[in-house]
Amino acid sequence: MIPSFVPGAVNYNGEPADRTKTGGWVSASLIVGIEVCERLATITIATNLVTYLVGTMHLPSATASNALSYFGGTSYLLCFLGGIVSDSLLGQYWSITIFSVINALGTGLLAVVTSLQKFHPSPCNPAFPNTCIEADNFQMGVFYTALYTYSIGFAGVKSSVSPFGANQFDIKNQQEKQQKEDFFNRYFLIINFGSLLAVTVLNYVQDQVGSKWGYGCCSIAMLVAFFVFISGIKRYRYREQEDCPILQILQVLVAAIRKRNIVFPSSERFFFENTPEELRLTTTNNFRFLDKAAMITEEDGGMEEITSSLNPWRLATVTKVEEVKMLCRLMPIWATTIMFWTVYAQIYSFSVQQAATMDRSLGKNFPVPVSSFGVFLIVSGILFLAIYDRLIMPLFRKSKKSKGLTNLQKIGVGLFFSILGMVAAAFVEARRLSVVKEIRGPQATLPISALWLLPQFIFIGIGEAFTCSGQLHFFINESPKGMKAIGTGLFLTTSSMGMFGSVILVEIVKTITRRVSRQIWLAPKINNGRLDYFYGLLGLLSFVNISLFLVCAKKYKVNAGQDKQIGGDVHSSSVESA
């Protein structure tokens, strides 16, 4: 059989990649296994962190909620740095290899820290529940060291897995192009089975046996996934080494600044371009100040002099400038998706605390663990994506008029469901607080079923499914060819900014309501606050945000030559059909 080589891809020896021996679903599956185990560990930590900090470390509920937001925010912010390291230094394969080991080390340290008594304070005295001793600085320092070791591993893995998986499909081959579309549609679906396992089996293990066993299982699972991943080294397709993308961005910015006072020429022939014809991008009219980086001036010399001694800090090609513009064009969409993750942060913080005060029994003898309520969030997302992938998409493919929801439309649907989630949460919390007033006294469990919380978990779960899958595909597709991991990191920083935004918003609301209201909305004990007002505020802010998103989505345009870099797949993100 004559080898069929994949353009722009190499095998593990650095030779042209043979289509019949590399890439495809087998390779992608080995890669996604790492992400499944990452989700297993991340959700295990996220769903139990507030409960552990309040119940074992004896921190106030608002402090514990902020600790969760700081952990999530820092982890996702580090993903952008992880993308830079991947695209500029290590490459996607070695980034996954190294950081998956650090990831396993982090959960291993958490298992040790949670198992030793000296790393957490003494249990509360049941006779004096209000005199619990908080964890000291040493105990919190040791715990946070383990927690943020995991964050570093998380960031390196998360920023590289999805683009490396996508690289296993050649979008210039019609069959593999469709497989890549299916990969993005099913990626979120597959990795959430790890999340589902976390909120069912591992949360039950942590509640009934101990946190150390849950974290230990996560560490072992990641190590197994690591060995499975490296076993496929000969099957993977690797991207040919590009110029350092961060250096390229800096060079374009410096060159544009150095020529800031130069008047634009009357003809495009005064713009420098030596990129191969098949990879060139056309000049666009937005961010025009960056175009000066590609302007040829007298100081640059003639074309022959430029070609022989090109100074990239003074002169960039039109294509390099347009690649930087491609990242700039992503920023309005990036900014208007942050609010979703601010809303999402409440599900694993305040919503979990709500569940802890309510009747969680199913039948007479089966109390649902507080941390397992995340199963409703995950299952709702999995079911709706499965329905979309297996029932709705085939109908779209039969129609010549539509190819399904665009990535921006998916994000819009997700933002809409986040509004529904906050509206439902506000009504349920108002009902829960009315029960608190009727009782008029301390009670461990309120006589109201925790199943009332299902609508907010389900709506946010559906919203996450559409927002996350739309964002992932959009940011990878619309990023320049050599900046896919950075594009993934940029997408993941929306989660970071959303979680940090949650921390800031919580502090602002606490400060303002303490000064101007007779009742603090976010009191140390949620039964004494007005969490329903806070949910209502989030719903209002989300409505304003989705309005801004629709404006930005309508104005988003792709580069006319961008299909050369992403294989003619521009339609999936174009707002013309959004």
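Residues numbered from 1 in each chain as written. Predicted model: local features only at pLDDT ≥ 70, side-chain atom pairs only at ≥ 80, totals over all residues. Heavy atoms only, no water.

### Regarding the confidence of the model for the protein
Then, number 1: When pLDDT is averaged across the protein, the result is 82; 90% of the residues are at 70 or more.
Then, number 2: Looking over the protein, one finds the lowest element-wise mean pLDDT in helix α17 (residues 563-566), namely 50, and the highest in helix α16 (residues 531-555), namely 93.
Then, number 3: Below a pLDDT of 50 lies the segment residues 566-578, which in the model reaches 39 contacts outside its immediate sequence neighbourhood of four places, other chains included. (pLDDT = per-residue confidence, 0-100. Helix = DSSP H or I, 4+ residues; strand = E, 2+ residues; numbered from the N terminus. Contact = heavy atoms within 4.5 Å.)

### Examining the packing of helix α1 (residues 24-55) against helix α4 (residues 137-166)
Then, number 1: Contact geometry for α1 and α4: axes closest at 10 Å, N-to-C directions at 150 degrees. Classified by the interaxial angle, the pair formed by α1 and α4 is roughly antiparallel. Between α1 and α4 the crossing geometry is left-handed. Between α1, through Ala28, Ile31, Ile34, Glu35, Glu38, Arg39, Ala41, Thr42, Ile45, Leu49, Tyr52 and Leu53, and α4, the contact on the second element is made entirely by Met140, Phe143, Leu147, Tyr150, Phe154, Val157, Lys158, Val161, Phe164 and Gly165.
Then, number 2: Taken together, the residues of the contact of α1 with α4 break down into 16 nonpolar, two polar and four charged. (Axes fitted to C-alpha atoms, helices over the stretch in contact; angles between N-to-C directions. Parallel < 35°, antiparallel > 145°, perpendicular 65-115°, else oblique. Left-handed = near helix turned anticlockwise from the far one by under 90°. Nonpolar A, V, L, I, M, F, W, Y, C, P; charged D, E, K, R; others polar.)

### Let's talk about the pattern of salt bridges
Then, number 1: This model, assessed by the stated rule, comprises ten salt bridges.
Then, number 2: Of the charged contacts in the structure, one is a salt bridge between Glu35 and Lys158, with a shortest N-O distance of 2.6 Å. With a gap of 123 residues between them, Glu35 in helix α1 and Lys158 in helix α4 connect regions that are remote in the sequence.
Then, number 3: Between Glu429 and Arg432 there is a salt bridge; the shortest N-O distance is 2.8 Å. (Salt bridge = Lys/Arg side-chain N within 4 Å of Asp/Glu carboxyl O.)

### Quick look at unusual backbone geometry
Then, number 1: The phi torsion at Phe287 lies on the positive side, around 50 degrees, for a residue other than glycine.
Then, number 2: Following the sequence through the fold, Phe287 ends up in the loop between α7 (245-258) and α8 (303-308).

### Considering helix α9 (residues 318-336)
Then, number 1: With 19 residues, α9 should cover 27 Å at 1.5 Å per step; its first-to-last C-alpha distance of 29 Å lies within 8% of that length.
Then, number 2: At Leu330, α9 shows its strongest bend, of approximately 30 degrees, with the proline Pro332 following within four residues.
Then, number 3: For α9, a buried count of 14 out of 19 residues is recorded, marking the element as mostly surrounded by other parts of the structure. (Expected span 1.5 Å × (residues − 1). Bend = angle between axes of the 7 residues up to and from the residue. Buried < 20%, exposed > 50% of the residue type's maximum accessible area, 1.4 Å probe, protein only.)

### Quick notes on the side chain of Thr42
Then, number 1: Relative to the helices and strands, Thr42 is located in helix α1.
Then, number 2: Excluding its chain neighbours within four sequence positions, the residues that come into contact with Thr42 are Tyr150 and Phe154.

### Quick look at α1
Then, number 1: For α1, spanning 32 residues, the distance from its first C-alpha to its last is 47 Å, which sits close to the expected 46 Å at 1.5 Å a residue.
Then, number 2: Within α1, the axis deviates most sharply at Asn48, by approximately 45 degrees.
Then, number 3: Taking burial as the measure, the 32 residues of α1 include 24 buried ones, the bulk of the element.

### Quick notes on the packing of aromatic side chains
Then, number 1: In the structure shown here, the tally under the stated rule is 33 aromatic pairs.
Then, number 2: Residues Tyr93 and Phe229 carry aromatic rings whose centres are separated by 5.2 Å and whose planes lie at 25 degrees to one another, so their mutual orientation is stacked. Taken as a pair, Tyr93 in helix α3 (residues 92-115) and Phe229 in helix α6 (residues 211-230) lie far apart in primary sequence, 136 residues in all. The burial state of Tyr93 is the same as that of Phe229; both residues are buried.
Then, number 3: Where Phe226 meets Phe227, the ring centres are 5.1 Å apart and the plane angle is 70 degrees; that geometry is what we call edge-to-face.
Then, number 4: Every member of this aromatic cluster is reached through a ring pair, and the members are Tyr52, Phe71, Tyr76, Phe143, Tyr144, Tyr148, Tyr150 and Phe154.
Then, number 5: A cation over a ring is seen here: Arg288 above Phe264, with NZ or CZ 4.7 Å from the ring centre.
Then, number 6: Taking NZ or CZ as reference, Arg530 lies 4.2 Å from the ring centre of Tyr533, over its face. (Phe/Tyr/Trp six-rings, centres within 6.5 Å; stacked < 30°, edge-to-face > 60°. Lys NZ or Arg CZ within 6 Å of the ring centre and 35° of its normal.)

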